[in-house]
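Notes for the structure review
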Amino acid sequence: PDPMRVLYKDYRTATPQNFSNYESMKQDFKIEIPEYFNFAKDVLDQWTNMEKAGKRLSNPAFWWIDGNGEELRWSFEELGLLSRKFANILTEACSLQRGDRVMVILPKIPEWWLANVACLRTGTVLIPGTTQLTQKDILYRLQSSKAKCIITDDTLAPAVDAVAAKCENLHSKLIVSQHSREGWGNLKEMMKYASDSHTCVDTKHDEMMAIYFTSGTTGPPKMIGHTHSSFGLGLSVNGRFWLDLIASDVMWNTSDTGWAKSAWSSVFSPWTQGACVFAHYLPRFESTSILQTLSKFPITVFCSAPTAYRMLVQNDMSSYKFNSLKHCVSAGEPINPEVMEQWRKKTGLDIYEGYGQTETVLICGNFKGMKIKPGSMGKPSPAFDVKILDENGATLPPGQEGDIALQVLPERPFGLFTHYVDNPSKTASTLRGSFYITGDRGYMDEDGYFWFVARSDDIILSSGYRIGPFEVESALIEHPSIAESAVVSSPDPIRGEVVKAFIVLNPDYKSHDQEQLKKEIQEHVKKTTAPYKYPRKVEFIEELPKTVSGKVKRNELRKKEWVTT
Ligand code: ATP
Ligand code: MG
C-alpha cells in the first residue's frame with residue numbers, strides 16, 4: 001500500500017516490477033488529476049502517517065553524507081517537521097506569499113531538500129540554480145525570474161550582494177552559514193527558533209510550482225514553468241516505471257541541484273515511491289569517490305549522466321563490490337552502447353536509458369523486464385503519446401527519421417510544462433498541429449523502440465546524406481584510443497558540409513603518431529558504420545566544451561568551424 005495508489009490502477013500486484021508486458025502496462029495506466037494537489041501534503045505527509053502506523057520499514061526518507069565522515073538521516077516525520085519550520089521562516093521572516101518566487105542556489109546540502117519541501121508547503125515557487133553560476137548569471141536569473149527571495153551559502157552571497165541593488169523584486173535573503181552576514185537571515189539560527197506548526201497550503205493542481213532553467217546546451221537557458229501536477233504528480237511516472245522504486249530502495253542521483261534532473265531523481269520520483277533519497281556532498285565529480293560511495297552504502301538504484309558513466313568505466317573497478325546495487329539508469333544525453341557494455345562487464349548491471357527534457361517528465365525509457373536494445377531510448381513512458389512527425393505534422397512510419405513529438409490535443413498530457421516563462425512566442429513555436437515538438441530528431445523501429453538521432457540543429461548534411469553525430473561518436477568510442485568525442489558539421493567546398501570529429505584521446509595514446517592514429521580511427525569508423533559517415537576531418541583536443549551539467553556543447557564547436565572559414 002502506498003499514498004499514490006489511489007491515483008493509479010494497481011498494475012503492480014500482478015507482476016511486481018516487471019514490465020515485460022509493455023502493452024498492458026501502458027494500457028492500464030490511468031492517472032486522475034485531482035483538483036487540488038500538493039506533494040508535501042498529499043505524498044510526504046502520507047508517508048509520515050505510514051511510518052507512524054508502522055506500515056513503512058525503517059528506511060530513512062533522506063540520507064546524506066559529506067564524504068568526510070559527516071552523515072545525517074531523516075525519517076519522513078523529521079523531514080516534515082524541519083520543512084514546516086522552514087516554511088514558517090519563508091512566510092514570516094521573509095514575508096513571502098503564495099505564488100512568490102524563491103531562488104535557491106545551494107550545493108548538495110540538506111537545506112536544499114528542505115527548501116524544496118518548504119516551498120511546496122507555502123505555495124511559493126522554487127527556482128533552483130547551480131552553484132557554478134557567476135555573478136552575471138545570478139543577475140540575469142534574478143531579474144528574469146523576478147525572484148523575491150534568494151537562499152544561498154557563503155560562497156555565492158557576495159555575488160548576490162554585488163547585484164542585489166539591480167534586482168527590484170528581491171527583498172529577502174537567507175544564508176546557510178555558520179556565520180552571520182549583514183542584510184541576510186541566517187537559516188541555521190532561524191531554524192532553532194521557528195515554530196514547527198504549519199498548515200500546508202491547498203494548491204490547485206495547475207498552480208505554478210517551480211521554474212527550472214534548461215541546461216543551456218544550445219543557447220541561453222530557458223525558464224520552464226511546472227505546476228503541482230506536471231512535476232509534483234507527473235514525476236511519479238519516472239519513479240514507478242523507469243526507476244523501478246519501492247519504499248525499501250535507496251536512490252542516489254549524482255546530478256547537480258540546479259537542474260530539473262534533480263527534481264526528477266533526487267526529489268519527486270523517489271519520494272513518490274516512499275524510497276530513500278541518498279545524497280553525497282561532492283563539490284566536484286570524482287570517479288573514485290563515486291565508486292567508493294556506491295560500494296560502501298546500501299544504494300539500490302543509481303542515476304547518472306552519460307558523461308559520468310564514461311568517466312567511471314575508465315577506472316579499474318575490480319576492487320569494488322556493488323552488493324546492494326540492482327538498477328542503474330542514465331539520462332540527459334544518449335549513452336554509447338560501448339559504455340553500457342563496459343558497465344555491464346564491471347558491475348554485472350545494465351544501464352536503463354531514459355529520455356526527457358526539463359520541459360517534460362520521462363518521454364521514453366527502458367523499463368525493467370523489457371528487452372534492452374543498446375543505443376535505443378526504449379519505448380514511450382505511459383505519460384505520453386510519442387510520435388515521429390514530418391515537417392507538416394504527419395506521423396511517419398517505422399524506420400523513418402523525423403521530429404520527436406508529443407501529442408497535446410485533445411488533451412494536454414499532465415507531465416508536460418505549461419509554458420516558457422515570459423516567452424509566449426517561444427512556447428507557441430513548439431507547437432505543430434496537435435503536437436509539441438521536442439526539438440530532437442529520431443525514429444521508431446518496427447518493435448516500437450525509439451532511437452535518438454540528434455538535436456535538430458546537430459544534424460549534419462553531407463552530400464545529401466543526413467548524419468546524426470551520436471552514431472558516429474558511438475563508433476568512435478569503440479576505438480581503444482578514444483576517451484570521448486564530439487562530432488559536428490564543418491564546411492566543405494564540394495560537399496557543403498562534412499563530418500568533423502573532435503577527439504579526446506586516452507592518456508596512453510597521446511604520444512602516438514597523430515597522423516597515423518587519425519587514419520586508423522577513420523578506417524575504424526568506416527568499418528563500424530556506413531562508410532559515408534566517417535569523419536573526413538579529425539582534430540585532437542584536450543577537453544570537450546560542456547555545460548555545467550556535463551553535456552557536450554556541439555554548437556560551440558560547430559560555430560567555430562563555420563566562423564573561421
Ligand atoms: P537547452 O534547451 O537550454 O539548449 P538542454 O536541451 O540540454 O538545453 P535539458 O532540458 O536539460 O536542456 O535537456 C533535454 C535534452 O537533452 C533533450 O531535448 C535531448 O536533446 C537531450 N537528452 C536527454 N536525454 C537523452 C537521451 N536519453 N538520449 C538523447 N538525448 C537526450
Ligand atoms: Mg532543450
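See the structure shown above.
This is a predicted model, so every value here is computed, not measured.

**Focus on the overall build of the chain**
Looking only at helices and strands, one finds 17 helices and 27 strands in the chain. Over its C-alpha atoms the chain spans a radius of gyration of 24 Å, differing by no more than 12% from the 24 Å that the globule rule assigns to 565 residues. Put simply, of all contacts in the chain between residues at least 6 apart along the chain, 69% involve residues at least 24 apart. On the chain, roughly 22,900 Å² of surface is accessible, and the fraction owed to carbon and sulfur atoms is 49%. For the chain, the distance from the average site of its 65 positive side-chain charges to the average site of its 68 negative ones is 1 Å.

**What about helix α11 (residues 287-296)?**
Along α11, the positions that sit buried rather than exposed are Ser287, Ser289, Ile290, Leu291, Thr293 and Leu294. Buried residues along α11 sit against β1 (62-65), β10 (250-253), β11 (276-280), β12 (301-304), α12 (306-312) and α13 (337-347).

**Structural notes on the pairing of strand β13 (residues 327-330)**
Residues of β13 alternate between two faces, with His327 and Val329 on one and Cys328 and Ser330 on the opposite face, all of them buried. For β12 and β13, the ladder comprises four bridges, and the chain directions are parallel. Its bridge partner being in β13, Cys303 is matched across the sheet by Val329. Handedness of the crossover is the feature at issue here: the chain leaves β12, passes through α12, returns alongside β13, and the resulting connection is right-handed. The sheet contact formed by β13 and strand β14 (residues 351-355) spans three bridges and is parallel. Within β14, the residue paired with Cys328 across the bridge is Ile351.

**Side note on the nonpolar core**
Phe86, Ile151, Trp242, Trp271, Phe302 and Trp343 are the most contacted members of the largest nonpolar core, which totals 126 residues. Top element by residues in this core is helix α4 (residues 110-122). It accounts for eight residues. If you look at the next biggest cluster of nonpolar residues, it comprises 25 residues, including Ala157, Ala159, Ala164 and Ile175.

**A closer look at the packing of aromatic side chains**
Per the counting criterion, the structure on display carries 25 aromatic pairs. Here the aromatic cluster, defined as three or more aromatic residues joined through ring pairs, consists of Trp63, Trp252, Phe278, Phe297, Phe302, Tyr309 and Trp343. The ring of Phe213 carries the charged tip of Arg141 above its face, separated from the ring centre by 4.0 Å. One Lys or Arg, Lys426, reaches over the ring of Tyr420 and ends 5.5 Å from the middle of that ring.

**Points about the packing of α4 against helix α10 (residues 260-272)**
With their axes 12 Å apart at the nearest point, α4 and α10 run at an angle of 65 degrees to one another. Considering the angle they form, α4 stands roughly perpendicular to α10. The handedness of the crossing between α4 and α10 comes out as right-handed. The residues of α10 that touch α4, namely those facing Trp112, Trp113, Asn116, Val117 and Leu120, are Ser262, Ser266, Val267, Phe268 and Trp271. Across the contact of α4 with α10, the residue classes tally to seven nonpolar, three polar and no charged.

**Digging into the site of ligand 1**
In the vicinity of ligand 1 there are 21 residues, among which Thr214, Ser215, Thr217, Thr218 and Thr358 approach most closely. Taking Pro334, its main chain carries an N or O atom lying 3.3 Å from a nitrogen atom of ligand 1. The protein chains hide 94% of the 630 Å² of surface that ligand 1 would expose on its own. Elements represented by at least two residues in the shell around ligand 1 include exactly β14 and β22 (450-455). Looking at the shell around ligand 1, the element that brings in the most residues is β14, giving three residues. For the shell around ligand 1, the class distribution of residues is four nonpolar, 10 polar and seven charged.

**Some thoughts on the environment of Trp252**
For Trp252, the location among the structural elements is in strand β10. For the pair formed by Trp252 and Phe278, sequence separation is 26 residues and the distance between their alpha carbons is 4.8 Å. Ignoring anything within four residues of it in the chain, the contact list for Trp252 reads Phe278, Ala279, His280, Ile290, Thr293, Leu294, Ile299, Val301, Phe302 and Cys303.

**Looking at the packing of helix α15 (residues 469-477) against helix α16 (residues 514-528)**
Interhelical geometry of α15 versus α16 gives an angle of 115 degrees and a closest axis separation of 9 Å. Crossing geometry of α15 relative to α16 is assigned as right-handed. Here Val472, Ala475 and Leu476 of α15 lie close against α16, whose contacting residues are Ile521, His524, Val525 and Thr528.

**Examining α16**
Taking 1.5 Å as the rise per residue, α16 with 15 residues should run 21 Å; its terminal C-alpha atoms sit 21 Å apart, in good agreement. Within α16, burial applies to Leu517, Ile521, Gln522, His524 and Val525. Buried residues of α16, seen end-on, are gathered within an arc of 160 degrees and therefore sit on one face of the element. Along α16, the residues that are exposed and aim more than 90 degrees away from the buried face are Lys519 and Lys527. Contacts from the buried residues of α16 go to α15, β25 (482-492), β26 (496-505) and β27 (537-540). For α16, the side-chain oxygen to backbone nitrogen distance between the N-cap and Glu515 is 3.0 Å, and the N-cap itself is Asp513.

Cut-offs used in this document
Residues numbered from 1 in each chain as written. Chains lettered and ligands numbered in written order. Predicted model: local features only at pLDDT ≥ 70, side-chain atom pairs only at ≥ 80, totals over all residues. Heavy atoms only, no water. Helix = DSSP H or I, 4+ residues; strand = E, 2+ residues; numbered from the N terminus. Rg over C-alpha atoms; globule rule 2.2 N^0.38 Å. Contact = heavy atoms within 4.5 Å. Areas by Shrake-Rupley, 256 points an atom, 1.4 Å probe, with all protein chains shown as cover. Lys, Arg positive; Asp, Glu negative; His and termini not counted. Charge placed at Lys NZ, Arg CZ, Asp CG, Glu CD. Buried < 20%, exposed > 50% of the residue type's maximum accessible area, 1.4 Å probe, protein only. Pairing = 2+ DSSP bridges. Right-handed = clockwise from strand over helix to strand, strands pointing away. Core = buried A, V, L, I, M, F, W, Y, C linked by side-chain atoms within 4.5 Å. Phe/Tyr/Trp six-rings, centres within 6.5 Å; stacked < 30°, edge-to-face > 60°. Lys NZ or Arg CZ within 6 Å of the ring centre and 35° of its normal. Axes fitted to C-alpha atoms, helices over the stretch in contact; angles between N-to-C directions. Parallel < 35°, antiparallel > 145°, perpendicular 65-115°, else oblique. Left-handed = near helix turned anticlockwise from the far one by under 90°. Nonpolar A, V, L, I, M, F, W, Y, C, P; charged D, E, K, R; others polar. Near = heavy atom within 4 Å. Polar contact = N/O pair within 3.5 Å; in protein donor to acceptor, adjacent residues only side chain to side chain. Expected span 1.5 Å × (residues − 1). Arc of directions from axis to C-beta.

Geometric values such as these leave the question of function open.
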